[in-house]
Amino acid sequence: MSQVVIRTLAVGKSYRTAAGPFAALSGVDLAIEAGEFVAIMGPSGSGKSTFMNLLGCLDTPTSGDYFLVGRNVAQLGKDELATLRNRTIGFVFQGFNLLPRMTLADNVALPLVYAGVERDARRARALQELARVGLGDYAASLPSRISGGQQQRVAIARALVNSPQLILADEPTGNLDSHTSEEIMALFTELNREGITIVLVTHEPDIAACARRQVRFLDGRLVSDVPTAARALAAC
């Protein structure tokens, strides 16, 4: 039986506003098993980014339960939660979030600093992951000296450096042209074939078509959860 990496049970998220409480999410039930590739879609304000923040333990639900690799995150202390997040999840963001004055190798190694890995081991693993995404010759470069697509590859290498079970990608192609987007999605597809669970937020149907499953939000609710058509997958 496959391991369930993500499970949400009646998860909701509300915010206080001047006009009163606002429900960004309501009653979301979702399970994602190890090795799946899932696209989360929906229009602006649908709740998809709020949901992604909850999955990444960057925010907490106001109702319901969220289990990450079998652990109820609401029952974890701050340090326990930080450790679980660091060891389980790799993050990829639309804006790359690379530190401009650090080399690519040092950017990739940064999660290992927080994990307490010693310096030589950090560098060795960073170089390994840069090579994995095709940038092994650029380790000493600064982010400003490479293209946007290459910067996103560095961000993916950084997400991989802790050998996570899960990658969460928030609009990972949002700042890229169509050709570079295809290259990044091909890389995600290959990583998924290697067994890494991938969940990405996107508003682009052609990007979502590369995932094996598409989950759609509307007005804070999960309104559809369907497999991607085989013909669409074949084009990726």
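Note that the structure is predicted; figures quoted are calculated from it, not measured.

1. Examining the overall build of the chain
Line of reasoning, step 1. Counting its regular elements, the chain contains 8 helices and 10 strands.
Line of reasoning, step 2. Here the C-alpha atoms of the chain give a radius of gyration of 18 Å, agreeing with the 18 Å that 2.2 N^0.38 yields for 236 residues.
Line of reasoning, step 3. Taken over 236 residues, the chain has a buried fraction of 47%.
Line of reasoning, step 4. Here the chain has roughly 11,600 Å² of accessible surface; of this, 49% comes from carbon and sulfur atoms.
Line of reasoning, step 5. The averaged location of the 23 negative side-chain charges in the chain is 4 Å from the averaged location of its 23 positive side-chain charges.

2. Overview of the pattern of salt bridges
Line of reasoning, step 1. On inspection of all chains with the given rule, the structure shows 7 salt bridges.
Line of reasoning, step 2. Residues arginine 193 and glutamate 190 are paired through a salt bridge, measuring 3.9 Å at the closest nitrogen-oxygen approach. Separated by 3 residues within a single helix, arginine 193 and glutamate 190 lie in helix α6 (residues 178–193), roughly one turn from each other.
Line of reasoning, step 3. Residues arginine 213 and aspartate 225 are paired through a salt bridge, measuring 2.7 Å at the closest nitrogen-oxygen approach. Here aspartate 225 lies in strand β10 (residues 221–227) and arginine 213 lies in strand β9 (residues 213–218), a separation of 12 residues in the sequence.
Line of reasoning, step 4. For arginine 213, a relative accessible area of 13% puts it in the buried group.

3. Examining the nonpolar core
Line of reasoning, step 1. Ranked by size, the top nonpolar core spans 39 residues in total, and within it Leu130, Val154, Ile156, Ile167, Phe188 and Leu191 carry the most contacts.
Line of reasoning, step 2. Those elements giving two or more residues to this core turn out to be β3 (37–41), α3 (104–114), α4 (119–132), α5 (148–160), β7 (166–170), α6, β8 (197–201) and α7 (205–208).
Line of reasoning, step 3. If you look at the next biggest cluster of nonpolar residues, it comprises 29 residues, including Val5, Leu25, Met52 and Cys57.

4. Description of the packing of α4 against α5
Line of reasoning, step 1. The geometry of α4 relative to α5 is characterised by a closest axis approach of 9 Å and an angle of 130° between their N-to-C directions. Judged on the interaxial angle alone, α5 and α4 are oblique. In this structure, α4 crosses over α5, and the sense of that crossing is right-handed. Judged by residue contacts, Glu129, Leu130 and Arg132 of α4 engage Val154, Ala157 and Leu160 from α5.
Line of reasoning, step 2. Here the residues of the contact of α4 with α5 sort into 4 nonpolar, no polar and 2 charged.

5. A short note on α6
Line of reasoning, step 1. Here α6 spans 22 Å end to end across 16 residues, near enough to the 22 Å set by a 1.5 Å rise per residue.
Line of reasoning, step 2. Buried within α6 are the following residues: Thr180, Ser181, Ile184, Met185, Leu187, Phe188, Thr189, Leu191 and Asn192.
Line of reasoning, step 3. Capping the start of α6 is the job of one residue whose side-chain oxygen sits 3.1 Å from the backbone nitrogen of histidine 179: aspartate 177.
Line of reasoning, step 4. The positive-phi residue at the C-terminal boundary of α6 is glycine 195, with phi of around 110°.

About the criteria used
- Residues numbered from 1 in each chain as written.
- Predicted model: local features only at pLDDT ≥ 70, side-chain atom pairs only at ≥ 80, totals over all residues.
- Heavy atoms only, no water.
- Helix = DSSP H or I, 4+ residues; strand = E, 2+ residues; numbered from the N terminus.
- Rg over C-alpha atoms; globule rule 2.2 N^0.38 Å.
- Buried < 20%, exposed > 50% of the residue type's maximum accessible area, 1.4 Å probe, protein only.
- Areas by Shrake-Rupley, 256 points an atom, 1.4 Å probe, with all protein chains shown as cover.
- Lys, Arg positive; Asp, Glu negative; His and termini not counted.
- Charge placed at Lys NZ, Arg CZ, Asp CG, Glu CD.
- Salt bridge = Lys/Arg side-chain N within 4 Å of Asp/Glu carboxyl O.
- Core = buried A, V, L, I, M, F, W, Y, C linked by side-chain atoms within 4.5 Å.
- Axes fitted to C-alpha atoms, helices over the stretch in contact; angles between N-to-C directions.
- Parallel < 35°, antiparallel > 145°, perpendicular 65-115°, else oblique.
- Left-handed = near helix turned anticlockwise from the far one by under 90°.
- Contact = heavy atoms within 4.5 Å.
- Nonpolar A, V, L, I, M, F, W, Y, C, P; charged D, E, K, R; others polar.
- Expected span 1.5 Å × (residues − 1).
- Polar contact = N/O pair within 3.5 Å; in protein donor to acceptor, adjacent residues only side chain to side chain.

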